[in-house]
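Architecture at a glance
Spelled out, the chains give:
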Amino acid sequence: MSESTATIAGVAVSTDHFIAGKRVASKGRFPVYSPVDGLLLAKVSAGGKAEMDAAVAAARKAFPAWAALGPKGRLPILRRFAEGILAHKEKLAAVETMDNGSLLAGNLHRIVPRAAHNIQFFAEWALTLEGHAIDSPEVVNHVRYDPAGVAALITPWNAPMMLTTWKIGPCLAAGNTAVVKPPEWAPLTCSLLADIAQAAGLPDGVLNIVQGIGEVAGDALVNHPDIDRISFTGSTDTARIIGQAAARSITPMSAELGGKSALIVCDDADLDAAAQTVAGQYMNAGQVCLAGTRVMVERKIAESFLEKVKGAVSHMKVGDPREPGTRVGPLITKEHFERVSGFVERAKAAGAEMMWGGNGHNFGELYYQPTMVGNVARHSEIDQKEVFGPVLNWYTFAGDDEVIAMANDSPYGLGGSLYSRSEDRAMRIAGAIKTGTLWVNCFFVRDLAAPFGGAKNSGIGREGGVWSFDFYTDIKNVSVRKDSFAQH
Ligand code: ADP
């Protein structure tokens with residue numbers, strides 16, 4: 001078989017770009033290894049400026065006809081796309097697991113259905129964008145949500161299928177065309193999505209995918225003069241670089257970045273539920289931007305709560321993400337493993353206590369033990385920086401003012417969870433924390449109609465529901481003077 005196709009878990013996956021409805025190979029290729037077993041999965045075409053120029057040109061060419069279809073015309077195509085994702089559930093889940101090490105069961109039951117929902121939900125929501133008027137004494141303001149044009153969509157490796165569909169769903173539903181730059185550490189499910197979209201009847205050029213390294217292909221995309229939107233999910237440092245390109249061309253940019261969220265457990269909480277949520281932060285081996293990595297427990301109950309958390313964590317099996325009983329799979333690459341263990345080693349050297357874990361796991365080279373760090377010095381590296389591994393910090397507090405100050409003492413503001421049985425108390429603390437999402441007595445529930453994004457260094461803008469369309473459209477006011485048209 002040529003390098004243009006890789007067979008992964010029995011599934012044939014194209015390793016080339018998808019431009020104007022055709023597969024296009026590059027001369028150069030980059031290797032993609034599976035975090036599950038460290039073996040080479042594929043040699044993927046490494047795109048650069050030439051491929052990006054072709055993809056943006058294809059997206060520009062396809063734009064007028066796609067925009068002209070309107071939400072009603074686009075709906076059946078996007079619906080078939082969503083159905084196609086569900087129809088290929090097993091394949092997508094298996095490839096995603098080999099590509100980024102996420103749990104197979106989670107991909108099958110949660111991520112693939114969500115990916116389909118991301119496409120279908122926004123295609124239906126787009127129907128509500130028409131016909132909004134604001135009456136004023138002299139004029140009627142007809143508010144229009146015109147498609148913006150060509151969108152540059154850049155996604156990270158920790159949840160490629162989920163995040164690619166979360167971007168292309170509203171982007172295409174609003175009438176834009178797209179160029180996607182998938183993550184170089186896990187680019188393969190995105191390639192399958194292109195085939196599914198094409199089989200659903202998505203016109204050539206509406207969705208283009210250019211594989212490549214961030215600093216080369218990603219850089220060529222965000223610096224392209226003919227893009228109208230940049231939607232980025234990834235690290236804060238990369239967002240700073242992309243933001244400079246967006247600033248030079250005055251291109252609207254949405255960015256969803258890192259986090260170091262608080263997980264607050266008050267003395268009146270349902271401690272069993274809260275303990276399960278703490279253990280749940282190890283999901284995806286902690287490679288989750290929304291993870292509540294700063295666990296803050298009211299001092300009065302800290303000891304008894306710790307026992308409950310230990311109990312919940314002791315049942316979490318570290319191992320092969322394809323096995324049904326596994327709860328914690330591998331980290332994505334050796335490089336990332338070293339980054340995670342570097343944070344832990346420096347924390348140890350600075351006097352932090354390893355309440356459990358603190359080392360690699362003997363299951364395999366890329367596996368890391370679920371870890372709880374205690375005795376964390378305020379403003380130390382482990383207190384402030386995002387580790388992006390199965391590493392949580394443990395803090396105790398006395399009273400609301402202290403926990404609010406602790407939660408806000410972070411450069412990030414992406415997520416957060418709070419457990420309390422008192423509504424007054426929960427809502428007061430929730431209101432005082434600067435963050436994009438705060439879950440009360442729950443975690444990770446995300447309705448696509450609700451806003452999502454980050455405060456502070458965790459992002460720019462909000463997406464979800466109407467906020468997605470605010471971003472992916474040019475909102476225009478056609479202000480018409482009353483009684484100014486000829487009467488028939
Ligand atoms: P992570 O730490 O989650 O990998 P990154 O910010 O490094 O986050 O990567 C997220 C995405 O951004 C990837 O698709 C990557 O290729 C891309 N990327 C990295 N650097 C750049 C850049 N300079 N310009 C555009 N995209 C980039």
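Residues numbered from 1 in each chain as written. Predicted model: local features only at pLDDT ≥ 70, side-chain atom pairs only at ≥ 80, totals over all residues. Heavy atoms only, no water.

1. Things to note about the overall build of the protein
Looking only at helices and strands, the protein has 15 helices and 28 strands in total. In terms of overall dimensions, the protein is globule-like: its C-alpha atoms have a radius of gyration of 23 Å, near the 23 Å expected for 488 residues. For the C-alpha atoms alone, the extent of the protein along its principal axes is close to 80 × 65 × 40 Å. When burial is assessed residue by residue, the protein has 58% of its 488 residues classed as buried. Counting only contacts in the protein whose residues sit at least 6 apart along the sequence, the fraction spanning at least 24 positions is 72%. Of the accessible surface of the protein, which amounts to about 19,500 Å², a share of 55% is contributed by carbon and sulfur atoms. Both charge centroids of the protein, one from 47 positive and one from 51 negative side chains, sit 3 Å from each other. (Helix = DSSP H or I, 4+ residues; strand = E, 2+ residues; numbered from the N terminus. Rg over C-alpha atoms; globule rule 2.2 N^0.38 Å. Buried < 20%, exposed > 50% of the residue type's maximum accessible area, 1.4 Å probe, protein only. Contact = heavy atoms within 4.5 Å. Areas by Shrake-Rupley, 256 points an atom, 1.4 Å probe, with all protein chains shown as cover. Lys, Arg positive; Asp, Glu negative; His and termini not counted. Charge placed at Lys NZ, Arg CZ, Asp CG, Glu CD.)

2. Things to note about the site of the ligand
Around the ligand sit 18 residues in total, of which T155, W157, K181, E184 and T238 are the nearest. A distance of 2.7 Å separates an oxygen atom of the ligand from a polar side-chain atom of T238. Here the ligand, which alone exposes 550 Å², has 84% of that area covered by the protein. Comparing atom positions with the cavity grids shows the ligand to sit within the largest pocket. (Near = heavy atom within 4 Å. Polar contact = N/O pair within 3.5 Å; in protein donor to acceptor, adjacent residues only side chain to side chain. 1 Å grid on protein atoms, 1.4 Å probe; cavity = no way out; pocket = protein on both sides within 12 Å on 5 of 7 lines; lining within 4 Å. Sits in = over half its atoms within 2 Å of the grid points.)

3. Describing the pattern of salt bridges
Summed over the entire model, instances satisfying the criterion amount to 30 salt bridges. The closest approach of N and O atoms between D16 and R29, which form a salt bridge, is 2.7 Å. Of this pair, D16 sits in the loop between β2 (11-14) and β3 (17-19) while R29 sits in strand β5 (residues 29-33), placing them 13 residues apart in sequence. Three or more residues are tied together by salt bridges with common partners; here these are D267, E298, K300, D400, D401, R425 and R428. (Salt bridge = Lys/Arg side-chain N within 4 Å of Asp/Glu carboxyl O.)

4. Some words on the sheet that holds strand β23 (residues 439-440)
Pairing is mixed in the open sheet, where 7 strands are placed in the order β18-β19-β20-β15-β14-β22-β23. Two strands in the sheet have a free side with no partner beyond their single neighbour: β18 (353-356) and β23. Here 2 bridges tie strand β22 (residues 417-419) to β23, and the two strands are oriented parallel to one another. Along β23, the bridge assignment pairs S417 with W439. Helix α10 (residues 299-314) contacts β14 (262-265), β15 (294-298), β18, β19 (371-374) and β20 (391-397) of the sheet and is inclined by roughly 135° relative to β15. (Pairing = 2+ DSSP bridges. Axes fitted to C-alpha atoms, helices over the stretch in contact; angles between N-to-C directions.)

5. Remarks on the sheet that holds strand β28 (residues 473-481)
Judged by pairing direction, the sheet is antiparallel, and its 3 strands sit side by side in the order β7-β8-β28 without closing on themselves. Each having just a single partner strand, β7 (132-135) and β28 make up the two edges of the open sheet. Direction aside, neighbouring strands of the sheet carry axes that sit 25° apart on average. Sheet topology note: the strand β8 (residues 139-147)/β28 ladder contains 9 bridges and is antiparallel. Note on β28: the bridge partner recorded for V140 is V480. Across the sheet, helix α15 (residues 465-472) is in contact with β8 and β28; its angle to β28 comes to roughly 85°.

6. Things to note about the domain arrangement of the protein
Domain annotation for the protein reports domain 1 (5-257 + 458-477) and domain 2 (262-440). Each of domain 1 and domain 2 has a C-alpha centre, and the two are 31 Å apart. Each partner contributes to the interface: domain 1 provides 18 residues, whereas domain 2 provides 23 residues. Three residues stand out in domain 1 for area buried against domain 2, namely L103, W185 and S458, and they jointly supply 30% of the buried area on that side. Here domain 1 is connected to domain 2 by 0 salt bridges. Linking domain 1 with domain 2 are 6 residue pairs in polar contact (both at pLDDT 80 or more). The element best represented in the side of domain 1 that touches domain 2 is helix α3 (residues 89-100), accounting for 4 residues. Classifying every residue of the side of domain 1 that touches domain 2 by side-chain character gives 8 nonpolar, 7 polar and 3 charged. (Domains from an automatic or database assignment. Buried area = accessible area lost by both parts, 1.4 Å probe. Nonpolar A, V, L, I, M, F, W, Y, C, P; charged D, E, K, R; others polar.)

7. Thoughts on unusual backbone geometry
Phi is positive for F444, which is not a glycine, with a value near 70°. One can find F444 in the loop between β23 and β24 (452-453). The partly exposed category is assigned to F444, whose relative accessible area is 30%. Residue D483 is not a glycine yet carries a positive backbone phi of 55°. In this structure, D483 sits in the segment after β28.

8. A closer look at helix α5 (residues 160-173)
Over its 14 residues, α5 extends 19 Å from the first C-alpha to the last, a length consistent with the 20 Å expected when each residue adds 1.5 Å. After α5 finishes, the residue G175 shows a positive phi value of roughly 105°. (Expected span 1.5 Å × (residues − 1).)

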